[in-house]
Every structure is written in C-alpha cells, then in structure tokens.
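# Structural description and commentary
What follows is each chain in one-letter form.
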Amino acid sequence: QVQLVESGGGLVQTGGSLRLSCAASGRTFRSYVMEWFRQAPGKEREFVAASGWSGPDTYYADSVKGRFTISRDNAKNTVYLQMNSLKPEDTAVYYCAAAVTVVLTTQKVASWGQGTQVTVSS
C-alpha cells in the first residue's frame with residue numbers, strides 16, 4: 001500500500017487561501033486515484049475532491065466546487081489541494097486518501113494520511 005503524509009494546513013482568515021500537499025511513498029502512486037476528505041468536529045468524514053490517474057479527471061463536492069482545485073504531480077508522487085475563498089465552514093481536519101477507483105465515501109479508501117488541520121477564522 002501507499003503511505004501518505006499531508007502538509008500545508010494552518011490558520012487563515014475568511015476569504016483567504018491555503019494549499020495542502022500530500023506526499024506519497026511507493027512506486028505505485030500513479031495507479032491510485034488520489035482524493036481529499038475532511039472531518040469537522042462532531043461530524044462524519046466527508047468527500048472533498050478526487051483526481052483520476054492521469055489528472056484531468058477531477059471531481060468535487062458541491063460545497064467546494066469553484067473554490068478548491070485538486071491536482072497531482074505523478075513525477076513527484078504528490079497531490080495538492082488549492083483552497084481559495086475559504087469560509088469558516090471549511091474548518092476541519094483534511095485527509096489525503098488513495099483509492100483504486102473514485103470513491104465518494106470512506107468505505108473503499110485503500111490508504112489514509114494522518115490529517116492536517118485547517119482553521120478558517122471569521
């Protein structure tokens with residue numbers, strides 16, 4: 001399985017931007033669909049975005065569409081989540097995930113990162 005390590009979280013004001021990174025180990029990175037999930041306090045972990053094997057295929061939750069952009073660099077074994085126009089409701093722990101196919105729930109995820117905290121102040 002692939003090991004995932006996120007970075008880039010932090011505290012930002014409403015309307016600000018952050019870019020999360022997820023570095024993957026292993027030579028099978030390009031065979032995985034890479035995704036981002038998030039979990040706010042007291043809530044279930046929810047799908048945010050996914051990037052297909054080659055990158056052009058992307059999927060977004062309605063709540064982040066138009067504000068967040070997922071991208072991947074297969075040469076660097078890294079997936080990114082550019083987050084713009086951040087809102088307080090985006091506050092959560094963000095998790096990188098690898099899956100065999102695009103999944104919108106946590107049940108079919110093959111590997112998880114440890115998570116990185118994003119806090120958006122009002």
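The text that follows walks through the structure, step by step, so that each part is easy to find. Everything numeric in this text was worked out from a predicted model, so none of it was measured. (Residues numbered from 1 in each chain as written. Predicted model: local features only at pLDDT ≥ 70, side-chain atom pairs only at ≥ 80, totals over all residues. Heavy atoms only, no water.)

### Details of the nonpolar core
The cut-off we apply is this: Buried Ala, Val, Leu, Ile, Met, Phe, Trp, Tyr and Cys residues form a nonpolar core when they are joined through side-chain atoms within 4.5 Å. The buried label goes to any residue with under 20% of its type's maximum accessible area, the exposed label to any with over 50%, and the partly exposed label to all in between, with areas taken from a 1.4 Å probe on protein chains only. Strands here mean DSSP runs of E at least two residues long; helices mean DSSP runs of H or I at least four residues long; both are numbered from the N terminus.
The biggest cluster of nonpolar side chains holds 37 residues, and the ones touching the most others in it are Met34, Trp36, Leu81, Met83 and Tyr94. Every element with two or more residues in this core is listed here: strand S3 (18-25), strand S4 (33-39), strand S5 (46-51), strand S7 (68-73), strand S8 (78-83), strand S9 (92-99) and strand S11 (116-121). In terms of residue count, the dominant contributor to this core is S9 (six residues).

### Focus on the pattern of salt bridges
As a reminder of what qualifies: The salt bridge criterion pairs a side-chain nitrogen of Lys or Arg with a carboxyl oxygen of Asp or Glu, the two atoms within 4 Å.
This structure, assessed with the given rule, holds four salt bridges. In this structure, Arg38 and Asp90 form a salt bridge, with 2.9 Å as the shortest nitrogen-oxygen distance. Here Asp90 lies in the loop between S8 and S9 and Arg38 lies in strand S4, a separation of 52 residues in the sequence. The same class applies to Arg38 as to Asp90, namely buried. Notably, a salt bridge pairs Arg67 with Asp90, separated by 2.7 Å at the nearest N-O pair. Of this pair, Arg67 sits in the loop between strand S6 (58-60) and S7 while Asp90 sits in the loop between S8 and S9, and the two are 23 residues apart along the sequence. Taken as a pair, Arg67 and Asp90 share a single burial class, namely buried. Counted as one network, the salt bridges with shared partners bring together Arg38, Glu46, Arg67 and Asp90.

### With respect to the environment of Gly8
As for its position among the elements, Gly8 is in the loop between strand S1 (3-7) and strand S2 (10-13). Given a relative accessible area of 34%, Gly8 falls into the partly exposed group. Separated by 96 residues in the primary sequence, Gly8 and Leu104 have C-alpha atoms spaced 23 Å apart.

### A word on the sheet that holds S3
What counts is decided by this rule: Strand pairing is assigned whenever DSSP detects at least two bridges linking the two strands. Axes here mean lines fitted to C-alpha atoms, for a helix over just the part in contact, with angles spanning 0 to 180 degrees between N-to-C directions.
The four strands lie next to each other as S1-S3-S8-S7, forming an open sheet whose pairing is antiparallel. In this open sheet, the two strands that pair with only one neighbour each are S1 and S7. The average angle at which neighbouring strand axes cross in this sheet is 15°, direction not considered. Examined bridge by bridge, S3 and S8 share six bridges and lie antiparallel to one another. Looking across to S8, one finds that Arg19 is bridged to Gln82.

In short, the description is geometric, and any link to function would need to be established separately.
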